[in-house]
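# Secondary and tertiary structure notes
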Amino acid sequence: MLRTVNRVLLGLAGLVLICVGGAVLAAGLGLAVPSWWPWYGKGDVLLGAAGRDRWRGEGWWWPTVIAVLAVVVVLALWWLLAQLRRARLAEVLVDSGDGEGAVLRGRALEGVLAQEAGTLDGVARAQVGLTGRRGSPHARIRLLMEPHAAPDEALGRLADGALAHARDSAGLAELPAEVRLRAVRHRAERVS
């Protein structure tokens, strides 16, 4: 959802900037611009002396301009912080069977899943992150593999062990996972 909103907003902002910039460039070069366009030539400015004097006497004008600009800055900062924020799942909805349901902290499930995945043979370290919705989480797992590990066996044990336990204990119908494997850096072994 966030990616779609980002792409749409960036696309619209880019389109507006290209259109306005192109029209200002055309007016500055002396090319024909539409009659409704506020700038006609190289000497035109955004808000001329007459426009500034016209609004100077109005008591509401400058506070309104400052308030609108402040809202624009706050929205831009909110959008920037939303980009930097990691979309981590805070809680998982667990079906308790009584119709009420229960809530499991997302970090608790991540910790247990990482701990169990880290104990697998050939895994040096495991990191887990949960994303998605409360009722249908997705796991992102990073496994740091030891030099002697067999990746296919580790993935099989992860799917049958840690992921199955997490799915069953949380009462989830499914727990899709994206697993990234990386090897531990080690020195080359000499064969004599």
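Since this is a predicted model, take the numbers as computed values, not measurements.

The rules behind each value
Residues numbered from 1 in each chain as written. Predicted model: local features only at pLDDT ≥ 70, side-chain atom pairs only at ≥ 80, totals over all residues. Heavy atoms only, no water. Helix = DSSP H or I, 4+ residues; strand = E, 2+ residues; numbered from the N terminus. Rg over C-alpha atoms; globule rule 2.2 N^0.38 Å. Buried < 20%, exposed > 50% of the residue type's maximum accessible area, 1.4 Å probe, protein only. Contact = heavy atoms within 4.5 Å. Areas by Shrake-Rupley, 256 points an atom, 1.4 Å probe, with all protein chains shown as cover. Lys, Arg positive; Asp, Glu negative; His and termini not counted. Charge placed at Lys NZ, Arg CZ, Asp CG, Glu CD. Patch = residues over 30% accessible without salt bridge, like charges linked within 9 Å, V, L, I, M, F, W, Y side chains within 5 Å. Salt bridge = Lys/Arg side-chain N within 4 Å of Asp/Glu carboxyl O. Pairing = 2+ DSSP bridges. Core = buried A, V, L, I, M, F, W, Y, C linked by side-chain atoms within 4.5 Å. Axes fitted to C-alpha atoms, helices over the stretch in contact; angles between N-to-C directions. pLDDT = per-residue confidence, 0-100.

Further remarks concern the overall build of the chain. The number of helices and strands found in the chain is 5 helices and 5 strands. Going from N to C terminus, the chain has its helices and strands arranged as α-α-α-β-β-α-β-β-α-β. A globule of 192 residues ought to have a C-alpha radius of gyration of about 16 Å, yet the chain, at 29 Å, is considerably larger. The principal-axis extents of the C-alpha atoms in the chain amount to approximately 80 × 60 × 25 Å. When each of the 192 residues of the chain is scored for burial, the buried share is 23%. Considering only contacts within the chain whose residues lie at least 6 apart along the sequence, 47% involve residues at least 24 apart. Accessible surface for the chain amounts to roughly 14400 Å². Of this, 61% is attributable to carbon and sulfur atoms. Averaged over its 23 positive side-chain charges, the chain has a centre that lies 12 Å from the centre of its 18 negative ones.

On the surface, Arg125, Arg142, Arg182 and Arg185 cluster together into a patch of positive charge. Arg125 sits in the partly exposed class, given a relative accessible area of 46%.

This brings us to the pattern of salt bridges. Scanning all chains against the criterion turns up 4 salt bridges. Among the ionic pairs, Arg167 bridges to Asp168, the shortest N-O distance being 3.9 Å. By relative accessible area, which is 54% here, Asp168 ends up exposed.

Working note: regular strand, side chains alternate between the two faces of the sheet. Bridge analysis of strand 3 (residues 123–132) against strand 4 (residues 137–145) gives 9 bridges, and the strand direction is antiparallel. Across the sheet, Arg125 pairs through a bridge with Leu144, a residue of strand 4.

All right, on to a nonpolar patch on the surface then. Side chains of Val73, Leu77, Leu80, Leu81 and Leu84 sit close together on the surface and give an oily, nonpolar patch of about 510 Å² of accessible area. Checked against the element boundaries, Leu77 lands in helix 3 (residues 61–84).

Examined against the element boundaries, Asp53 turns out to sit in helix 2 (residues 49–56). Distance from Asp53 to Arg140, taken between C-alpha atoms, is 59 Å for residues 87 residues apart in sequence.

Let's shift gears to the nonpolar core. In this structure, Leu113, Ile141, Leu143 and Leu158 are the most contacted members of the largest nonpolar core, which totals 25 residues. For this core, the secondary-structure elements that each account for two or more residues are strand 1 (91–94), helix 4 (106–118), strand 3, strand 4 and helix 5 (151–170). Looking at this core, the element that brings in the most residues is helix 5, giving 6 residues. The residues touching Leu158, leaving out its near neighbours within four places in the chain, are Ala117, Leu120, Ile141, Leu143, Leu163 and Val179. Formed by 6 residues, the second largest nonpolar core is a distinct cluster that contains Ala26, Ala27, Trp37 and Trp39.

Read across the sheet, 3 strands follow the order 3-4-5 without closing on themselves; strand pairing throughout is mixed. Edge positions in the sheet fall to strand 3 and strand 5 (177–183), since each of these pairs with one other strand and no more. In this sheet, adjacent strand axes meet at a mean angle of 15° when their direction is disregarded. Judged from the 7 bridges that link them, strand 4 and strand 5 form a sheet pairing that is parallel. Pairing of Leu143 across the sheet is with Leu181, part of strand 5.

We now examine the confidence of the model for the chain. Overall, the prediction assigns the chain a mean pLDDT of 83, with 93% of residues at 70 or greater. At the level of individual helices and strands, the chain shows its lowest average pLDDT in helix 2, which scores 74, and its highest in strand 4, which scores 92.

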